[in-house]
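Each chain, letter by letter, is given below.
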Amino acid sequence: MAVMVVNALLLLLSGADQVRSSASDHRCKEGEVVPLHANKVGPFHNPSETYRYFDLPFCYPANATEKKEALGEVLNGDRLVSAPYKLDFRSGKDSETVCKKTLTKEDVAQFRDAVNKDFYFQMYYDDLPIWGFIGKVDKENKDPSEYRYYLYKHIHFEIFYNKDRVIEINVRTDAHSHALVDLTEDKEVDVEFLYTVKWKETNIPYEKRMDKYSQSSSLPHHLEIHWFSIINSCVTVLLLTGFLATILMRVLKNDFVKYAHDEEAAEDQEETGWKYIHGDVFRYPKSNSLFAAALGSGTQLFTLTIFIFILALVGVFYPYNRGALFTALVVIYALTSGIAGYTATSFYCQLEGTNWVRNLLLTGCLFCGPLFLMFCFLNTVAITYNATAALPFGTIVVIVLIWTLVTSPLLVLGGIAGKNSKAEFQAPCRTTKYPREIPPLPWYRGTVPQMAMAGFLPFSAIYIELYYIFASVWGHRIYTIYSILFIVFIILLIVTAFITVALTYFQLAAEDHEWWWRSFLCGGSTGIFIYAYCLYYYYARSDMSGFMQTSFFFGYMACICYGFFLMLGTVGFRAALLFVRHIYRSIKCE
């Protein structure tokens, strides 16, 4: 199953690359047309707030054509269209005129607003990305009312080639006074847009042309910081978990000795501690349908994460492989829905549930439902802003078809297989007819304080690495060190499992037998800590602003953190279940 999914995805993603590549595999003859595509413009500090390149009044080419985008590219907000610059292979140009146009007062005001917001442009030349700012603000006078706004009208392209292939392209804007257009005043301005093209030969092979984009995150000082964070996390976590493990093992050993001695000494002696509640510890949880659905969704998201890591480690998500990650997420989520259906329905039937169809519907909607509602809200915001993040109707139809024709049928098939598996819940102890009353407990043994304790340790293990991930997803940094990220993920799983087991033991020792939901909530509480980190990152570490960017950041991060909550909650519960079964198998319970 795993091999089939990975192979299918590799074929799909490589197929998307082949659509973008020319039949000649990027080989060009001198003078051959190599198209330059303008992608988008937007405020530099608001990565989600991007607009079509020609939403600004640049020179519009006469025969402009839109490039066909793959699903992941559209989800990424890419909208490629022919740029007005002609960059024929190895054909140099010096101060070539793109067009001459008169900017109206409205055009000047539009450009001035864009320059004030630090608008950048992004283009693609032979699938190589390039960026530049559209203008600058002169802040020599500290009074904002005396700021001067300038538009760059001359772009310089520097292109490196190796024999018959393009290897690298750089762009810079001419900041000299004669190449600037003053936009400070609301008046019509005559502008002549220019560009210069210079070609240089290089020895860099074609196969390594994307390396420069991944080098920034692999520089020695960056790697040192990453490895320092890993070692720091490992040492801290190992010390704490080792300390807890030593205590837990010693306490458990004493418990086993005590209970064995008690059985030999006197059978009528009153039991205390976790053995006392052996008749209640395997009593099924309240809302068993919701519990089973949460386990099913969490298992699916865990499987999705593992597949994404496999693809990342084999090199599918190289820098600026446009939309590859989004394509992989959509396809893998659709293909793994059967796992959610099987896990949820199988566990629900083990808990003696009868309405498995309702449970299956709940499983299908538990993660997709909130995600769909959030998408509807954010897509409406993007449409209002006329941003490229707004998905076209055709793309929405494609996603709905994937959900209808792939996700739903696989979910149902998984559910039917789970129902027919006829697996029984393996409980070492019989459950009594009536539940014991839980004794009064101090406030710090409540659900919320326990969740706070459970989430802090796993969060501290991933805290440093979170900054780099956020700077990549919600900024312009490039993240390519997936091996380090995978190590952090493994640490996160181990710590989550261990801390949940420890808290479950202390809960049972206090004769509180309602551990099912508690272990799930404690395991998933790291997701709440990550969302709290979002608030810190937004206000202290980023320069994001505006309603649209704020909505996208907190909206989609809420969905991601909710996914982490379900996934880590599942990991926590599974670890706690193994532990509880193990300790109750080790004692004689009538």
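Within every chain, residues take consecutive numbers counted from 1 along the sequence as written. Whole-chain, interface and lining totals are the exception, using all residues; otherwise, since this is a predicted model, local features are given only for residues with pLDDT of at least 70 and side-chain atom pairs are given and counted only at 80 or more. To obtain the side-chain values, all non-hydrogen atoms of the structure were used and water was disregarded.

For the protein chain, the name recorded in an unreviewed UniProt entry is Transmembrane 9 superfamily member, with Fagus sylvatica as its organism. The Sequence similarities (unreviewed entry) field of the UniProt record for the protein chain holds the comment "Belongs to the nonaspanin (TM9SF) (TC 9.A.2) family." UniProt positions are given in the numbering used here, feature names are shortened, and annotations may be inferred rather than shown by experiment.

Another point: the domain arrangement of the protein chain. Taken domain by domain, the protein chain consists of domain 1 (27-208), domain 2 (217-258 + 444-589) and domain 3 (294-423). Annotation comment: domain bounds sourced from an automatic or database domain assignment. Centre-to-centre separation of domain 2 and domain 3, based on C-alpha positions: 23 Å. Between two residues, a contact is recorded if the distance between any of their heavy atoms is within 4.5 Å. Of the residues lining the interface, 25 residues belong to domain 2; the matching set on domain 3 comes to 31 residues. Around 2500 Å² of area is buried between domain 2 and domain 3 when both sides are counted, 84% of it from carbon and sulfur atoms. Here a salt bridge means any side-chain nitrogen of Lys or Arg lying within 4 Å of a carboxyl oxygen belonging to Asp or Glu. Where domain 2 touches domain 3, the interface holds 0 salt bridges. Under the rule applied, a polar contact is a pair of N or O atoms within 3.5 Å (in protein, one hydrogen donor and one hydrogen acceptor; residues adjacent in sequence only if both atoms are side-chain atoms). The tally of links between domain 2 and domain 3 comes to 2 residue pairs in polar contact (both at pLDDT 80 or more). A run of DSSP states H or I qualifies as a helix once it reaches four residues; a run of E qualifies as a strand once it reaches two. Both are numbered from the N-terminal end. In terms of residues, the side of domain 2 that touches domain 3 owes the most to one element, helix H15 (residues 547-585), which gives 15 residues. Buried area is a sum: the accessible area each of two parts loses on coming together, probed at 1.4 Å, counted once for each and added.

Let's shift gears to the confidence of the model for the protein chain. Chain-level pLDDT for the protein chain is 87 on average; 91% of the residues reach the 70-or-more range. pLDDT expresses how confident the predictor is about each individual residue, on a scale running from 0 to 100. Below a pLDDT of 50 lies the segment residues 14-24, which in the model reaches 10 contacts outside its immediate sequence neighbourhood of four places, other chains included.

On to the pairing of strand E8 (residues 148-152), then. Burial analysis of E8 places 4 of its 5 residues in the buried class, which makes it a mostly covered element. Bridge count between strand E7 (residues 135-138) and E8: 4 bridges; the pairing is antiparallel. Looking at E8, one finds that Asp138 is bridged to Arg148. Any residue under 20% of the maximum accessible area for its type is buried, any over 50% is exposed, and the rest in between are partly exposed; the area is computed with a 1.4 Å probe on protein chains only. Any two strands between which DSSP finds at least two bridges are classified as paired.

Here the phi dihedral of Asp118 falls at roughly 60°; this positive angle occurs in a residue that is not glycine. With respect to the helices and strands, the residue Asp118 is situated in the loop between helix H3 (105-116) and strand E5 (119-125). Phi angles above zero are rare outside glycine, and Asp126 is one such case at about 55°. A relative accessible area of 12% places Asp126 in the buried class.

Counting through the fold element by element, Lys153 comes out in the loop between E8 and strand E9 (154-162). Here Lys153 is buried and forms no salt bridge, its nearest opposite-charge partner Glu192 lying at an N-O distance of 5.9 Å. Discounting chain neighbours no more than four positions away, the residues touching Lys153 are His178, Ala179, Val181, Val191, Glu192, Phe193 and Leu194. Under the counting rule used here, the positive set is Lys and Arg, the negative set is Asp and Glu, and His together with the chain ends is not counted.

Let's shift gears to helix H13 (residues 482-509). Take the residue count of a helix, subtract one, and multiply by 1.5 Å to get its expected span. For H13, built from 28 residues, the straight-helix expectation of 40 Å at 1.5 Å per residue is met to within 8% by its first-to-last C-alpha distance of 41 Å. Counting buried positions along H13 yields 21 of 28 residues, so the element is predominantly enclosed. Of the residues flanking the end of H13, it is Glu511, one or two places downstream, whose phi is positive at about 65°.

Turning to the pattern of salt bridges, a few remarks are in order. The full count for this structure, using the stated rule, is 15 salt bridges. Ionic pairing is found between Glu168 and Lys212, a salt bridge with its closest N-O pair at 3.3 Å. Linking Glu168 in strand E10 (residues 165-173) with Lys212 in helix H4 (residues 211-218), this pair joins segments that are 44 residues apart in sequence. Of the charged contacts in the structure, one is a salt bridge between Glu514 and Lys286, with a shortest N-O distance of 4.0 Å.

This part is about helix H8 (residues 337-350). Helix length check: H8 (14 residues) gives 20 Å between terminal C-alpha atoms against 20 Å at 1.5 Å per residue, within 8%. Judged by how many residues are buried, H8 sits mostly within the fold: 11 of 14 residues are covered. The complete set of buried residues in H8 reads Ser337, Gly338, Ala340, Gly341, Thr343, Ala344, Thr345, Ser346, Phe347, Tyr348 and Gln350. Where the residues of H8 are buried, they touch helix H6 (288-313), helix H7 (324-335), helix H9 (356-366), helix H11 (393-420), helix H14 (516-541) and H15. Of the residues trailing H8, Glu352 is marked for its positive phi of about 65°.

The next thing to look at is the packing of aromatic side chains. Here the aromatic set is Phe, Tyr and Trp, taking the six-membered ring for Trp, and pairing holds for ring centres within 6.5 Å; pairs whose planes are under 30 degrees apart are stacked, those over 60 apart are edge-to-face, and all others are tilted. Summed over the entire model, instances satisfying the criterion amount to 58 aromatic pairs. Ring centres of Tyr463 and Tyr533 lie 5.8 Å apart, and the angle between their planes is 90°; on these two criteria the pair is classed as edge-to-face. Taken together, the residues Tyr463 in helix H12 (residues 447-473) and Tyr533 in helix H14 connect sequence positions 70 residues apart. For a ring to carry a charge above it, either NZ of a lysine or CZ of an arginine must fall within 6 Å of the ring centroid while also lying within 35 degrees of the normal to the ring plane. Positioned over the ring face of Tyr206 is Arg165, at 4.0 Å from the centre of the ring. Its guanidinium or amino end placed over the ring of Phe425, Arg581 lies 4.7 Å from that ring's centre, counting from NZ or CZ.

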